[in-house]
Amino acid sequence: MNPAGTADTADTAGAGHAGTSPAGPVDSVGTVDTAGLAAAPGTGSTSVSPTAASLWRGGRGVLLVALIVVAAAVAGVLLGGTGGQDRRLDPDDTSLSGAGALARLLEGRGVRITRVTSAAEARAAATADSTLLVTDVFPLTAGDASRLAGAPGDLLLVGGDRRLRTLAPGLRATGEARTRSREPRCALPAAAAAGSVHLGGTTFAVPRGGTGCYPAGDAPTMVGYRDGDRTITAVGDGDFMTNLRLAEDGNAALAMNLAGARPTLVWLVPPPPGEAVTETGEQGIYDLVPPGVKWAVAQLALAVVLLALWRGRRLGPVVAERLPVVVRAAETAEGRARLYRARRARDRAAAALREGFADRVVPRLGLPSAAGPDARVSALAERTGQAAPQVASALYGPPPADDAGLVALAAYLDMLERQVRDS
Amino acid sequence: MALTGRAALLALLGTLVVLFAPRPGPAVAGVALLLAALVAVDLLLAGGVRPLRFTRSGDRLVRLGETATVDLIVENPGRRRVRGLLRDAWPPSAGAAPRRFALDVPAGERRRLTLTLTPVRRGDREAAAVTVRSLGPLGIAARQGSHRVPWSVRVLPPFLSRKHLPAKLTRLRELEGAHPSMVRGQGTEFDSLREYVPGDDVRSIDWRATARRSDVVVRTWRPERDRRVLIVLDTGRTSAGRVGTAPVPLAGREDRSSAGRGAGLGGPSGVLPGGLSGGLPGGRGGAETAPGWPRLDWSMDAALLLAALAARAGDRVDFMAHDRSVRAWVSGAGRTELLSSLVNAMAPIEAELVEADAADMVAAVLARARRRCLVVLLTDLNAASLEEGLLPVLPQLSSRHLVLLAAASDPQVAAMAAGRGTPELVYDAAAAERQGADRRRITARLRRQGVEVVDAAPEQLAPALADAYLALKAAGRL
């Protein structure tokens, strides 16, 4: 599209044979213009694929950045300690929300701590001379609750679990209270000895024969009562047992009094994430699938990736080209027609039809183009045999009142024109 | 590098292995490693693509609507056989076929591949790249690379109107007196003396020669020769509008190819454009109608016929394409090479979407044509653009030169003007009449200024322009 180049081609070369025998100076001029880098047209071929060296040059920056990111991530993980996620109220957890400190204290007092991760294990570990500690962190199912309800020994419930009714018959949660430092205000020895404790969470209704402590308003957040030969104690919140809070108030004292009441403490904690619950009767569909299938699915994914790579690899570049505009010249006329139609412009439309009619018919009538309306009407009426007033109204009357009138006018003008042409 | 379906198939079979393996985890790793090893081996053993050498030969020029062949010679100087696929990438409008070749070049040998190009538009088409996918012996992985092998094919205007040339040349010979002519008005230039035969115009008797020869001798006349014709092609926005039916199928419209080809190339010129009737009902059929051919292409067709005729008549033909500035200029081409120069100059020209600068065009014509000549202006009779552009500067041109303006009318508008029956069709007809009236008005104004105007349907433009030229020549007005 270089005008100068085009002109030069035509001016200086000017030979060639118009496509019949395509050879000659025009061709060479044309290719030197377009061939660009190639020294001699038709001989050169240059590889445009990236070489290993150019790939390295182009990609080393990206590679460096990726390396830095990976190194930073690895360093962060290594320096960040255990790296496991927080396990709240877990005797093995030493983070702020864990309960490792309490466990160490209890062990120091000679309490044997049995850490279990399922209701079945807890049931098996619980004896008449043990305390079963169930926190609201454990995802208790209905089956778990009924299984634990029948366990021998004391029961320490931490947090207002919704399975409370099954787990501890007679106990009922009534509401919520803010967790803060509270006075015991009760005669329960464990509480009275501990003094003020950071408590709150769920409030309970005191069952018959029970004692309510640490009231928020008048609803206690800790309840102790006897159910047969078991002592059931429920606290509304487990914060006071965590490593973070244990040193405050009488938290440690209360926790040790409650959890260390018996020589054995069965501590129920949630199973580590990712470990399937392998409890008979509660297996999901995925537990029944043999492990080979999962790996086969992974292998299938690999096959799909390879399939995508196979189909996605293009054979060469996408070639773009400048396309010419595609505008039909009739679009202006169509646009005008739609404007007429949209505005119901019968006056303009009728005027255009009449003008076109006059331009075609007047010369055939033998009239000069400057002939006036009267001359045209009389000549037309005489030639076609139509009544003069009708012809006059068709040619010079008011614009049609409706679309039907416009259609009729067009048909009438057509008829007149046909008669003039045929006569 | 590229993978093949076999790699995916192997991975799929690996799924079965993993499914029944006693230890599925290591099995997955094993299958992946095996695949990677096979791919690596295949890549290592595949023939190199980079050292391949390519050479092209074949057509450089092709008329629009015809097919060019370009040969690609693949030479393999490496030590391993190159087997796989080759794609020679061209722009879509080049109509390159086949899309890909199967390639098998043993080491040290060469192979010739033949590509056919059936372009759908005028202009220069340049090869983009040659891409080779060289498969390894296992057919699992392939090396892939591209080479730039420059080649360009110039697609020339088809010159469809050359079918009218013999008839027009016959008319020209009649004018030239090759056939007996008795009327002095057939030419104004003295040609030769010959004996009087009864029926000759007595006014043409050369009395002086008669006295010398003792026989009655008459002068014969012939039309003027060595006149100048300057064809000016308007490449502005009005030339981009599409009219009529494209005689060559457009890219991406293969379904219409057979109909379009039949109407344009083989059939008579009077074939009713297929898009017309289809597009008419209510004027709403815009999407379905064939987009036609740009006015520019019809104008080029007419210009080529006129140039061929004028060159045969002994006139000098110059050519200029112009919108905001001179886009192409052909001057001083000899009679034999005129047409090839013209089609070469025309081939890359596309209509620009700008308003043509008529003042600059007139200045360019006046600067280039010092002697009186026939200026043939190929544009559109667009009332608005002509009134603002050409009419104010026309007197400068028409005072020194004879101006002939030729424009292709739009058959679709003509068909719209005949619409009757429903209000929508009548509104369409009124709009078409309005446009026709504008056209007639501007034609009348141009004629009053001494400009000859040729307004014809696209297929009829070239013969109508040739007739107008012959009429001017016969009248001795050149």
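Refer to the preceding data block for the structure.
This section reports on the structure supplied with the text. Because the structure is predicted, anything quoted here is derived from the model rather than measured.

**Remarks on the overall build of chain A**
Regarding its fold elements, chain A presents 16 helices and 11 strands. Relative to its full complement of 423 residues, chain A shows a buried share of 41%. Counting only contacts in chain A whose residues sit at least 6 apart along the sequence, the fraction spanning at least 24 positions is 59%. Roughly 22,100 Å² of accessible area belongs to chain A as shown, and the carbon and sulfur atoms make up 59% of that amount.

**Here's the deal with the environment of B:Ala36**
Looking at the secondary structure, you find B:Ala36 in helix α2 (residues 24-45). In sequence terms B:Ala36 and B:Ala7 are 29 residues apart; their C-alpha atoms lie 9.5 Å from each other.

**A word on helix α1 (residues 5-20) of chain B**
Look at α1(B): 24 Å from first C-alpha to last across 16 residues, which is about the 22 Å you get at 1.5 Å a residue. Residues of α1(B) that are buried: B:Gly5, B:Ala7, B:Ala8, B:Ala11, B:Gly14, B:Thr15 and B:Val18. In this structure, the buried residues of α1(B) make contact with α11 (291-312) of chain A together with β1 (2-3) and α2 of chain B.

**As for the state of the cysteines**
All names here are of chain A. This model, assessed by the stated rule, comprises one disulfide over all chains. The disulfide that involves Cys186 links it to Cys213, with 1.9 Å between the sulfurs. The sign of the S-S torsion, about 90 degrees, decides the handedness of the disulfide formed by Cys186 and Cys213: right-handed. Placement of the pair is Cys186 in the loop between β5 (172-182) and α8 (189-194) and Cys213 in strand β7 (residues 211-216), with a sequence separation of 27 residues. In this structure Cys186 comes out as buried when scored by relative accessible area, which is 18%.

**Quick word on the layout of surface pockets**
Size it by volume and the largest pocket reaches roughly 1,000 Å³. In terms of lining, the largest pocket is formed by 40 residues, of which the most central are B:Val413, B:Ala432, B:Gln435, B:Gly436 and B:Arg439. Those elements that place two or more of their residues in the lining of the largest pocket are β11 (327-328), α12 (331-343) and α16 (403-422) of chain A together with α10 (383-388), α12 (411-417) and α13 (423-448) of chain B. Element by element, the count of residues in the lining of the largest pocket is highest for α13(B), at eight residues. For the lining of the largest pocket, a count of residues per class yields 14 nonpolar, eight polar and 18 charged.

**Some remarks on the packing of helix α14 (residues 373-384) of chain A against α16(A)**
All names here are of chain A. In the contact formed by α14 and α16, the axes pass within 9 Å of each other and the chain directions differ by 70 degrees. Taken together, α14 and α16 sit at an angle that is classed as roughly perpendicular. Relative to α16, the crossing made by α14 is left-handed. Along its contact with α14, which presents Leu380, Arg383 and Thr384, the element α16 presents Leu416, Gln419 and Val420. Here the residues of the contact of α14 with α16 are counted per class, giving three nonpolar, two polar and one charged.

**Brief notes about a nonpolar patch on the surface**
The grouping of A:Leu300, A:Val304, B:Leu9, B:Leu10, B:Leu12, B:Leu13, B:Leu16, B:Leu19 and B:Phe20 at the surface amounts to a nonpolar patch, some 830 Å² of accessible area in total. Listing elements by their share of the nonpolar patch, those giving two or more residues are α11 of chain A together with α1 of chain B. With seven residues, α1(B) is the largest single contributor of residues to the nonpolar patch.

**Re the interface of chain A and chain B**
In this complex, chain A contributes 85 residues to the contact, which on the side of chain B involves 106 residues. Counting the surface lost from both chain A and chain B, the interface buries some 7,900 Å², and carbon and sulfur atoms represent 59% of this. The three residues of chain A that bury the most area against chain B are A:Gln299, A:Leu315 and A:Arg341, which together make up 10% of that side's buried surface. Of the charged contacts, one joins B:Arg420 and A:Asp414 as a salt bridge, the two residues approaching to 2.9 Å between their closest N and O atoms. Joining chain A to chain B, the criterion identifies 28 residue pairs in polar contact (both at pLDDT 80 or more). When residues of the side of chain A that touches chain B are assigned to their parent elements, the largest contribution, 13 residues, is made by α11(A). Partitioning the side of chain A that touches chain B into residue classes produces 45 nonpolar, 22 polar and 18 charged. As paired strands, strand β1 (residues 46-47) of chain A and strand β11 (residues 141-148) of chain B are joined by two bridges and run antiparallel to one another. Its bridge partner lying in β11(B), A:Ser47 is registered against B:His147.

**Brief notes about helix α14 (residues 458-474) of chain B**
Turn by turn, an α-helix covers 3.6 residues, leaving residues three or four places apart pointing in a common direction. Residues and elements named next belong to chain B. Compared with the 24 Å implied by 1.5 Å per residue over 17 residues, the 25 Å span of α14 between its first and last C-alpha is a close match. Among the 17 residues that make up α14, 13 are buried, leaving the element largely enclosed by the rest of the structure. Where α14 terminates, the next one or two residues include Gly476, which has phi positive at roughly 70 degrees.

**With respect to unusual backbone geometry**
In the segment running from B:Ala97 into B:Pro98, the intervening peptide bond is cis, with an omega of -5 degrees. The phi dihedral of A:Arg344 is positive, around 50 degrees, even though this residue is not glycine.

**Structural notes on the pairing of strand β19 (residues 326-330) of chain B**
All names here are of chain B. Among the five residues in β19, four count as buried, and that is most of the element. Two elements, strand β18 (residues 316-322) and β19, share four bridges in a ladder whose sense is antiparallel. Paired with Ala321 across the two strands is Ala328, which belongs to β19. With antiparallel pairing between neighbouring strands as the criterion, β18 and β19 make up a hairpin whose turn holds three residues.

The rules behind the values
- Residues numbered from 1 in each chain as written.
- Chains lettered and ligands numbered in written order.
- Predicted model: local features only at pLDDT ≥ 70, side-chain atom pairs only at ≥ 80, totals over all residues.
- Heavy atoms only, no water.
- Helix = DSSP H or I, 4+ residues; strand = E, 2+ residues; numbered from the N terminus.
- Buried < 20%, exposed > 50% of the residue type's maximum accessible area, 1.4 Å probe, protein only.
- Contact = heavy atoms within 4.5 Å.
- Areas by Shrake-Rupley, 256 points an atom, 1.4 Å probe, with all protein chains shown as cover.
- Expected span 1.5 Å × (residues − 1).
- Disulfide = S-S within 2.5 Å.
- 1 Å grid on protein atoms, 1.4 Å probe; cavity = no way out; pocket = protein on both sides within 12 Å on 5 of 7 lines; lining within 4 Å.
- Points joined across faces, edges and corners; volume = space filled by probe spheres on them.
- Nonpolar A, V, L, I, M, F, W, Y, C, P; charged D, E, K, R; others polar.
- Axes fitted to C-alpha atoms, helices over the stretch in contact; angles between N-to-C directions.
- Parallel < 35°, antiparallel > 145°, perpendicular 65-115°, else oblique.
- Left-handed = near helix turned anticlockwise from the far one by under 90°.
- Patch = residues over 30% accessible without salt bridge, like charges linked within 9 Å, V, L, I, M, F, W, Y side chains within 5 Å.
- Salt bridge = Lys/Arg side-chain N within 4 Å of Asp/Glu carboxyl O.
- Buried area = accessible area lost by both parts, 1.4 Å probe.
- Polar contact = N/O pair within 3.5 Å; in protein donor to acceptor, adjacent residues only side chain to side chain.
- Pairing = 2+ DSSP bridges.

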